[in-house]
Amino acid sequence: DQQAAVALSRAEQGGAPAQVHADGLSKEPPKWVSGTKDPEELMSPWMLAELASSRAIMRQDTVCAGHPAANRYGPRPRLPPFVPSRHVPTLGLINPRSGAGAGVDILAVCKACPYYQDRVFNIIDLFKGQHPGGLFDVFRIELCKAKDEAMAQGTRPRLISGGGDGTGSFALFLVFKALRADGHRAVEEGGFADTGNGFIWTDAEMAASFPAIAQMPLGSANDFANILGWGQKYPGAGREADAAAEALGRWFEAIIDPASEVVNFDVWGIVPPKGQAACDFRLAELTGDLGACPNRSINGKRHIQLKEAGRPVPFFVCLYFTAGLGAYMTARFQLNRHDSPLKNRLEYIRQAIRIIVERVPPQMALRLENVEFHCDGAKAFPPRRQRGRAYREAGFFNINWQAHMFHGGVRDGFLRRCCGCRRRTPVQFNDGLMDVFRWKFLSLLKNPGTRILTDRQRDLSLRFHGPPGKGLFFQWDGEARFAFSPSGEPFSISVRRILNVPVVLGPDHDARVTGGADNGKAVQFAFAGQTPKERTDIRARILRCVRGDLDRELNATCQDLLAAGLPCQGC
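Rules behind the numbers
- Residues numbered from 1 in each chain as written.
- Predicted model: local features only at pLDDT ≥ 70, side-chain atom pairs only at ≥ 80, totals over all residues.
- Heavy atoms only, no water.
- Helix = DSSP H or I, 4+ residues; strand = E, 2+ residues; numbered from the N terminus.
- Buried < 20%, exposed > 50% of the residue type's maximum accessible area, 1.4 Å probe, protein only.
- Contact = heavy atoms within 4.5 Å.
- Areas by Shrake-Rupley, 256 points an atom, 1.4 Å probe, with all protein chains shown as cover.
- Salt bridge = Lys/Arg side-chain N within 4 Å of Asp/Glu carboxyl O.
- Pairing = 2+ DSSP bridges.
- Axes fitted to C-alpha atoms, helices over the stretch in contact; angles between N-to-C directions.
- Phe/Tyr/Trp six-rings, centres within 6.5 Å; stacked < 30°, edge-to-face > 60°.
- Core = buried A, V, L, I, M, F, W, Y, C linked by side-chain atoms within 4.5 Å.
- Domains from an automatic or database assignment.
- Parallel < 35°, antiparallel > 145°, perpendicular 65-115°, else oblique.
- Left-handed = near helix turned anticlockwise from the far one by under 90°.
- Nonpolar A, V, L, I, M, F, W, Y, C, P; charged D, E, K, R; others polar.
- Expected span 1.5 Å × (residues − 1).
- Arc of directions from axis to C-beta.

Regarding the overall build of the protein
- Summing up its helical and strand segments, the protein has 17 helices and 22 strands in all.
- Within the protein, buried positions represent 58% of all 571 residues.
- Restricting to contacts in the protein with at least 6 residues of sequence separation, those with at least 24 account for 75%.
- Of the accessible surface of the protein, which amounts to about 24400 Å², a share of 52% is contributed by carbon and sulfur atoms.

Structure, rendered in structure tokens:
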């Protein structure tokens, strides 16, 4: 999975090209290694011209259909001036379609302010601009510059992830993609040479300088931003222009302030079962008509309609993972997304009610029938003497918030119950453990309120053993997919801890909800695993993910759907 590094051409300096071994490895070191020199000084004129064009496009106004011309932050809002000697180097990835259009307005404010206009990116344009010299190369260059600036200050750079809850894991994906070494491009374009680990940064640079993430709340639930203390609504929501602009300025001031605390954060990942090189399931995406029910009536029964899944491919899990009612509801919501958080919450409620009153489609099992959880090698779900069909949903929390409604609390042991202790340990996002839960309607009667009982585990393997032609919906961080086996055989969805990443806590962080964010360990980036081989496997899978290999491994084709006897749109 490591890209072979080749030397940069010396043609621009009039020298002979570097000699290369037959295996693609250069006999000479690359001309640019991160942290030694500005890579743009070593690029060819055509590459510099492409970068200049991309930077010019980056500063142009972002246009979204239906968005009002007037900026909600006023005609000339300003962000706090960035002082290099006092503030932490910061970049941003913002979704212009999120926050009922607030993303567009925040991008416009950034484009009008020095420093931010070169460091805050439209995440959609960034992903599209992956050609040589495109916007993605600009992001890579600015990320490397921010790393060097932060290292000179004795700190690490920061990254604003602006969007819904799924944007955090997508931002991680983009950072890894930007840091992936590319030997094919190292010949003519500076800064892509492998440092020996598959990335353009060394292991030491990754540990010390991987950007700390701060989540800007531009979605519906905004659980990620809320748990980190950055608010449940976008900066300045519901205020007049002047007050909104002041709130936005304070938000950015807190981000670049070195006094804002940086802590560790666990990231989980969907990986192959132990002993296997690839996952044994395929993924499809729900489709159908917009409205209360997307399913199609065939011979008097409502059948789900599926299509080939798009991006993102499920890998990074930052917040939660569930199967059951919530996952199916999320899949249906994705077809009916609205332009405001309030409408989106109402849509979630509408879909939940319809799912409860509708008959189960033939392609799905009743509730969680045919589903088992195994944690640390032992069966964890369904509980003894009970069946999965009795439960509406099961999964795990990594943060102590879901849908801006539910919290987790560790299930008390016998002695604590006898002593009458009612203060439960909350879900913690950096304790190295997932908080596995299950619930049915009776659970809400036994434990009234929004707190769901959890059991702490180190890993989870969801086993589905339904008959051919059936599968199940699962969701991670607010994104839903339908999992199935083309051959009709049982399959497993395995999840374990894969990363430790730094995150920035906001001014509204509440230690009572998180249980305290300082886990007593040095803040750093690290690949997780109990053995060196496990950490090497995770590094390799991340590289496969950013290359697009996981798309081919996990996403089903029309042939896969037809082989499983599942309806496929357009097949």
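A look at the pattern of salt bridges
- This structure, assessed with the given rule, holds 30 salt bridges.
- With a shortest N-O distance of 2.3 Å, Arg552 and Asp549 are connected by a salt bridge. One end of the pair is Arg552 and the other is Asp549, both in helix H16 (residues 549-554) and three residues apart, which spans about a single turn.
- Salt bridges here are not isolated pairs; linked through shared partners, they connect Arg541, Arg544, Arg547, Asp549, Arg552 and Glu553.

Regarding the sheet that holds strand S17 (residues 451-457)
- The nine strands are arranged S9-S6-S20-S19-S11-S14-S16-S17-S15 in an open sheet whose pairing can be described as mixed. Strands with a single pairing partner mark the edges of an open sheet, and in this sheet they are strand S9 (305-308) and strand S15 (407-410). Ignoring which end each strand starts from, the neighbouring axes of this sheet average 35° apart.
- The sheet contact formed by strand S14 (residues 393-397) and strand S16 (residues 434-439) spans five bridges and is antiparallel. Its bridge partner lying in S16, Phe397 is registered against Asp435.
- Each of strand S6 (282-287), strand S11 (320-324), S14, S16, strand S19 (472-476) and strand S20 (479-484) is contacted by helix H10 (residues 325-333), which is oriented at about 95° to S11, the strand it contacts most.

Structural notes on the packing of aromatic side chains
- Going through the model one piece at a time under the given rule, you end up with 33 aromatic pairs.
- Summarising the aromatic geometry, the rings of Phe176 and Phe199 are spaced 6.0 Å apart at their centres and angled 45° between planes, so their arrangement reads as tilted. A residue pair is termed long-range when its members are at least 10 positions apart, and Phe176 in helix H6 (residues 167-179) and Phe199 in the loop between H6 and helix H7 (203-209) qualify at 23 residues.
- Overall, Phe199 belongs to the buried group, its relative accessible area being 0%.
- Between the aromatic rings of Trp230 and Trp251, the centroid separation amounts to 5.1 Å while the plane-to-plane angle is 55°, which identifies the pairing as tilted. You can see Trp230 sitting in the loop between helix H8 (223-228) and helix H9 (241-256) and its partner Trp251 sitting in helix H9, a full 21 residues away along the chain.
- You can call Trp230 buried: its relative accessible area is 3%.
- Aromatic ring contacts, followed pair by pair, group Phe176, Phe199, Phe210, Phe315, Phe316, Phe525 and Phe527 into a single cluster.

Thoughts on unusual backbone geometry
- The peptide bond linking Arg311 to Pro312 adopts the cis configuration, its omega dihedral lying at 5°.
- Residue position: Pro312 is located in the loop between S9 and strand S10 (316-317).
- Pro382 follows Phe381 through a cis peptide bond whose omega is -5°.
- You can see Pro382 is positioned in the loop between strand S13 (378-381) and S14.
- Positive phi is not limited to glycine here, since Asn299 has a value of about 55°.
- Following the sequence through the fold, Asn299 ends up in the loop between strand S7 (296-298) and strand S8 (301-303).
- A positive phi is found at Asp376, a non-glycine position, where the angle reads about 50°.

Focus on the nonpolar core
- Grouped together as the largest cluster of nonpolar side chains are 151 residues, with contacts concentrated most on Tyr116, Phe139, Phe176, Phe252, Phe321, Leu462 and Leu499.
- Each of domain 1 (39-260) and domain 2 (269-501 + 534-564) contributes no fewer than three residues to this core.
- In contact with Phe321, not counting residues within four places along its chain, are Ile270, Ala394, Gly395, Phe396, Leu460, Leu462, Phe474, Gln475, Trp476, Ile493 and Val495.

Focus: the packing of H10 against helix H11 (residues 341-357)
- Where H10 contacts H11, the axes come no closer than 9 Å and their chain directions differ by 125°. Classed by the angle they form, the pair H10 and H11 counts as oblique. Crossing hand, H10 versus H11: right-handed. Residues Leu325, Tyr328, Met329, Thr330, Arg332 and Phe333 of H10 touch H11, and the partners they reach there are Asn344, Glu347, Tyr348, Gln351, Ala352, Arg354 and Ile355.
- Across the contact of H10 with H11, the residue classes tally to seven nonpolar, three polar and three charged.

Digging into the side chain of Glu142
- Examined against the element boundaries, Glu142 turns out to sit in helix H5 (residues 135-153).
- Not counting residues within four places of it along the chain, the set of residues in contact with Glu142 comprises Arg55, Leu91, Asp118, Arg119 and Phe121.

Description of the environment of Arg332
- When you line up the elements, Arg332 lands in helix H10.
- Separated by 41 residues in the primary sequence, Arg332 and Gly291 have C-alpha atoms spaced 9.0 Å apart.
- If near-sequence neighbours (up to four positions away) are discounted, Arg332 is found in contact with Leu286, Ala292, Cys293, Pro294, Asn295, Gln351, Arg354, Ile355 and Glu358.

Comments concerning the side chain of Gln457
- Mapped onto the secondary structure, Gln457 falls in strand S17.
- Sequence-distant contacts of Gln457, that is, excluding residues within four places in its chain, are made with Trp268, Cys375, Asp376, Leu433, Met434 and Val436.

Focus on H11
- If you check H11, its first and last C-alpha atoms are 25 Å apart, about what 17 residues at 1.5 Å a residue would give, namely 24 Å.
- Within the sequence span of H11, burial applies to Asn344, Glu347, Gln351, Ala352 and Ile355. End-on, the buried residues of H11 take up no more than an arc of 135°, which puts them together on one face. Opposite the buried face of H11, at more than 90 degrees from it, the exposed residues are Leu342, Leu346, Ile353 and Val357.
- Looking at the buried side of H11, the elements it contacts are H10.

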